[in-house]
Amino acid sequence: MPVPATYRSYTITNGSMSRPGMAKSITLAIGSGNHAITYVHRTPQGRLLELPVSWYAKLNGYAMSPGYEQPDHLDFRREISDSCLFCHSAGKQPAPIDCQRCHGPAQAHAASPNKGNILNPARQTPQRQLEICLQCHLETASQGIVDSMRKPGRDVFSYRPGEPLADYKNYFASPNPERFEINHAGFRLLQSRCYLESKGTMTCTTCHDPHSARVKTGSCRTCHKQPHTTEDCTPCHMPKRTPADAIHTTMTDHKILRRPASDGQALYTGPVVDFYTKADPEALALANNQQGDPVLYRRYLQRDPNNQPVLVALGKALLRQNQPAEALRILERAGQLDPQDTNAQTYLAVSEAVQGNTQKALAILKKAVADNPDHVLAHINLGITYQALGDVQSALAAYTEAIRLQPDSAEAKQRRDALLTRR
Ligand code: HEC
Ligand code: HEC
Ligand code: HEC
Ligand code: HEC
Ligand code: HEC
Ligand code: HEC
């Protein structure tokens, strides 16, 4: 991974970065350096957290990482999940994207190289070729809506090049997409007349060399023969714009238009429709379940009973509807499916606590903060549980730790202050 020239002039010394009250070492870097490099910290428990400061080519310097620009940012707690790694790494273990992500499993080919045991994208249909890139480059929205959902039983890393993307994932989008985001190359291209009216022949490699990622010269001319005064078509038809979710970068708008788009940057949070793929009614209803209706979660779980995030969402919805016994049953199942999910553990503890099982709640939360010491909500709930048990000292310590992790946590501050004034 290239290291920017300014690396040494910044206060990153010996691989660790300091900030008042906080210091986290850098475990790995995400990004090619052409636009940005974001640093990732591996906690002693093996979790990956995105650090709040990134290097930006446009600034030739450092600024807040994407997702950290808002005042209520997640500080050192933006966890890098498997779904981030699916697009940013070769596999579950952080490593640069390798040949296999586009050419398929290569063990057999490496053992005895021949054309028959490796996937050559050039021999796939244009749609399958396009989808090799779309597996990582199609994201309709980075926040605000459920932008995609994997099909029942599909693990994050189960997509294989050459497979229809629709077998792996469904995509959803605003009915009138306007916002321009950092990972919008695929999303915007699919909305362009060039793509829509070229009868499925246009792929990313119509313009990009897949290995260098560079744009081939004259690629517009393969389809457009009209005389124009210039050969560089991009300043007018594919201008660079500032993405709403990564304001320190500029990206090329792949929605090729006669005149540059001037659409808004507002976050869309309303109902979504199918995009590129067609989802079953249950899946679409789930994507639109903004009210957290347990009925819709249950209907979906009939088809995909081990969907851990949906189980957690259902557990949370049941807690909100004051059905802690049922929530407990659901959250226990979610906990078995993913023991690392601290949110699920936290809600599980709440369902125990509200049923009067305070000691059980305490045990779950103690384990949760040991597994994930950066989880603010777990610390706050631990404090509440200690308070319920009359252990004011431990409650104060838990709230104080939550505030140390997230200095602007109004919830933790309120609870700590209430405790202090009561004493
Ligand atoms: C669907 C695939 C996908 C997912 C999921 C995804 N990213 Fe990205 N991300 C990308 C792509 C592709 C880019 C580069 C966009 C471009 O250059 O057009 C990017 C850009 C970024 C950048 C800007 C720096 C850079 O590399 O240019 C950061 C930081 C980042 N992603 C972090 C994350 C984190 C953290 C997560 C998980 C919460 C995540 N991403 C999830 C595909 C993805
Ligand atoms: C496994 C996920 C993945 C796949 C598959 C993938 N990309 Fe990317 N691509 C990324 C990410 C992530 C970035 C952002 C830069 C980085 O983090 O290295 C990126 C960056 C790029 C860039 C910008 C290069 C730069 O340095 O700024 C281009 C162009 C690109 N990809 C085109 C393609 C094309 C064309 C395909 C299909 C042939 C493809 N990508 C397949 C994940 C992927
Ligand atoms: C981002 C996706 C991507 C990655 C990563 C990738 N390739 Fe390719 N590769 C392609 C595509 C797409 C083609 C078909 C090019 C075309 O359309 O002619 C291709 C074609 C090839 C070919 C056929 C010869 C040619 O140039 O047409 C070879 C050999 C090859 N790749 C080797 C590799 C090796 C080795 C690696 C790892 C170092 C690798 N590729 C990584 C996408 C990728
Ligand atoms: C695979 C073929 C193909 C390629 C490559 C291609 N286009 Fe197009 N483009 C089309 C088709 C088909 C249409 C719709 C019919 C028409 O206007 O000719 C279109 C439409 C357009 C339009 C009118 C858009 C609108 O909304 O009215 C512009 C402008 C345009 N293309 C510019 C470009 C530029 C610039 C490039 C290169 C960056 C490019 N195209 C590459 C096929 C292509
Ligand atoms: C019609 C031609 C064309 C097609 C098709 C095309 N691109 Fe691009 N792409 C460009 C141009 C032009 C640039 C700007 C290159 C530069 O500034 O050096 C670019 C830049 C990029 C970048 C770099 C970041 C940015 O936004 O500037 C990424 C990532 C990218 N393209 C991904 C893709 C993916 C993925 C596809 C397929 C879904 C695709 N492109 C299809 C022409 C195209
Ligand atoms: C200086 C800006 C500029 C550049 C550079 C430019 N165009 Fe255009 N292009 C325009 C404008 C303006 C229009 C007309 C828009 C309208 O009709 O409202 C247009 C229209 C088009 C159309 C639609 C034509 C039609 O009859 O429907 C296509 C296709 C197109 N350009 C392709 C290209 C290609 C390919 C290149 C590069 C070889 C290119 N343009 C370079 C500004 C530019």
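Residues numbered from 1 in each chain as written. Chains lettered and ligands numbered in written order. Predicted model: local features only at pLDDT ≥ 70, side-chain atom pairs only at ≥ 80, totals over all residues.

(A) Layout of the nonpolar core. Membership of the largest hydrophobic core comes to 64 residues, with the highest contact counts inside it found for Tyr 297, Val 310, Leu 314, Leu 331 and Leu 365. Per-element tally for this core: the top contributor is helix H10 (residues 308-320), with 8 residues. Both domains that meet at this core, namely domain 2 (123-280) and domain 3 (281-422), each give it at least three residues. With near-sequence residues (within four places) excluded, Val 310 lies in contact with Leu 286, Tyr 297, Tyr 300 and Leu 301. (Core = buried A, V, L, I, M, F, W, Y, C linked by C-beta atoms within 7 Å. Buried ≥ 20, exposed ≤ 12 C-beta atoms within 10 Å, placed from the backbone. Helix = DSSP H or I, 4+ residues; strand = E, 2+ residues; numbered from the N terminus. Domains from an automatic or database assignment. Contact = placed C-beta atoms within 7 Å.)

(B) Quick look at the site of ligand 5. Taken together, 18 residues lie around ligand 5, and His 137, Cys 204, Cys 207, Met 251 and Thr 252 are the ones closest in. A per-class count over the shell around ligand 5 returns 10 nonpolar, 8 polar and no charged. (Near = placed C-beta within 6 Å. Nonpolar A, V, L, I, M, F, W, Y, C, P; charged D, E, K, R; others polar.)

(C) Spotlight on the packing of H10 against helix H11 (residues 324-337). Following both chains from N to C, one finds H10 and H11 inclined at 160°, their axes separated by 8 Å at the closest point. By the angle class used here, H10 and H11 are roughly antiparallel. Judged by the twist between their axes, the crossing of H10 over H11 is left-handed. Residue-level contacts link Gln 308, Leu 311, Val 312, Leu 314, Gly 315, Leu 318 and Leu 319 of H10 to Pro 324, Glu 326, Ala 327, Ile 330, Leu 331, Arg 333, Ala 334 and Leu 337 of H11. In terms of residue class, the contact of H10 with H11 is built from 11 nonpolar, 2 polar and 2 charged. (Axes fitted to C-alpha atoms, helices over the stretch in contact; angles between N-to-C directions. Parallel < 35°, antiparallel > 145°, perpendicular 65-115°, else oblique. Left-handed = near helix turned anticlockwise from the far one by under 90°.)

(D) Main features of helix H15 (residues 392-405). The end-to-end C-alpha distance of H15 is 20 Å, a good match for the 20 Å that 14 residues give at a rise of 1.5 Å each. Every buried residue of H15 is listed here: Ala 395, Ala 398, Tyr 399, Ala 402 and Leu 405. Along the long axis of H15, the arc covered by the buried residues comes to 120°, so they all point the same way. For H15, the secondary structure elements touched by its buried residues are helix H14 (376-388) and helix H16 (410-422). (Expected span 1.5 Å × (residues − 1). Arc of directions from axis to C-beta.)

Nothing here speaks to function; it is geometry throughout.
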